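Structure assessment
Residues per chain, in single letters:
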Amino acid sequence: MPRLSVWLIRAALLYLLLGFSLGALLLWHKGIPLYPLLWRLLPAHIECLFFGWTVQLALGVAYWILPRFRSSRGNPTLAWSAFVLLNLGVWLVGLSPLFGIPALAGRLAETAAALAFAAHAWPRIKPTAV
């Protein structure tokens, strides 16, 4: 398995653990109130499970499983930058309600990550007749 896939999948599993922990804390708070501002963690919970876990796992598997032509996986710099930008975006959006900053910078980082990974993966997808 390529090193980037290992990093993406491990990070996805860490986000799954973090997202479930935040969800458990929020669920506990729903039954026995702990702290009134705890609900500000809801966007971080959603962000960890949707982008951190699901999207990152999909990118890790896609980097590993997409076909290689001429024994090359394409431009690894684009794929690594997608990994960094996605994680940066998850943290910026997840922490934005806690610090009162807009989540736009995080969403832009996540969009840039999607574009970087698409630019990396596009040459690896060819029609079967070619």
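Heads up: the structure comes first, above all this text.
Residues numbered from 1 in each chain as written. Predicted model: local features only at pLDDT ≥ 70, side-chain atom pairs only at ≥ 80, totals over all residues. Heavy atoms only, no water.

On to the nonpolar core, then. If you look at the biggest cluster of nonpolar residues, it comprises 24 residues, and the most contacted ones within it are Leu4 and Phe117. Those elements that provide at least two residues to this core are helix H1 (3–31), helix H2 (42–65), helix H3 (76–99) and helix H4 (104–121). (Core = buried A, V, L, I, M, F, W, Y, C linked by side-chain atoms within 4.5 Å. Buried < 20%, exposed > 50% of the residue type's maximum accessible area, 1.4 Å probe, protein only. Helix = DSSP H or I, 4+ residues; strand = E, 2+ residues; numbered from the N terminus.)

Turning our attention to the environment of Leu22. As for its position among the elements, Leu22 is in helix H1. Leu22 gets classed as buried once you look at its relative accessible area, which sits at 12%. For Leu22 and Leu38, which are 16 residues apart along the polypeptide, the C-alpha to C-alpha distance reads 9.8 Å. Leu22 has contacts with Leu41, Ala44, His45 and Cys48, leaving out every residue within four places of it along the chain. (Contact = heavy atoms within 4.5 Å.)

Tracing the backbone through its elements, the reader meets Ser5 in helix H1. Here Ser5 falls in the buried class, since its relative accessible area comes to 0%. Distance from Ser5 to His29, taken between C-alpha atoms, is 36 Å for residues 24 residues apart in sequence. Those residues within four positions of Ser5 in sequence are excluded, and the remaining contacts are Gly60, Tyr63 and Trp64.

Once that is clear, we can look at the packing of aromatic side chains. If you walk through the whole model with that rule in mind, you get 4 aromatic pairs. Judged by centre distance (6.5 Å) and plane angle (50 degrees), the rings of Tyr15 and Trp91 are tilted. Of this pair, Tyr15 sits in helix H1 while Trp91 sits in helix H3; the two residues are 76 residues apart in sequence, bridging distant segments of the chain. Classification of Trp91 by relative accessible area gives partly exposed; the value is 45%. (Phe/Tyr/Trp six-rings, centres within 6.5 Å; stacked < 30°, edge-to-face > 60°.)

Moving on, we come to the pattern of salt bridges. Going through the model one piece at a time under the given rule, you end up with 2 salt bridges. The partner of Arg107 in a salt bridge is Glu47, and the shortest N-O contact between them spans 3.2 Å. Here the residue Arg107 occupies a position in helix H4, and Glu47 occupies one in helix H2, the gap between them amounting to 60 residues. Look at Arg107 and you get partly exposed, because its relative accessible area is 35%. (Salt bridge = Lys/Arg side-chain N within 4 Å of Asp/Glu carboxyl O.)

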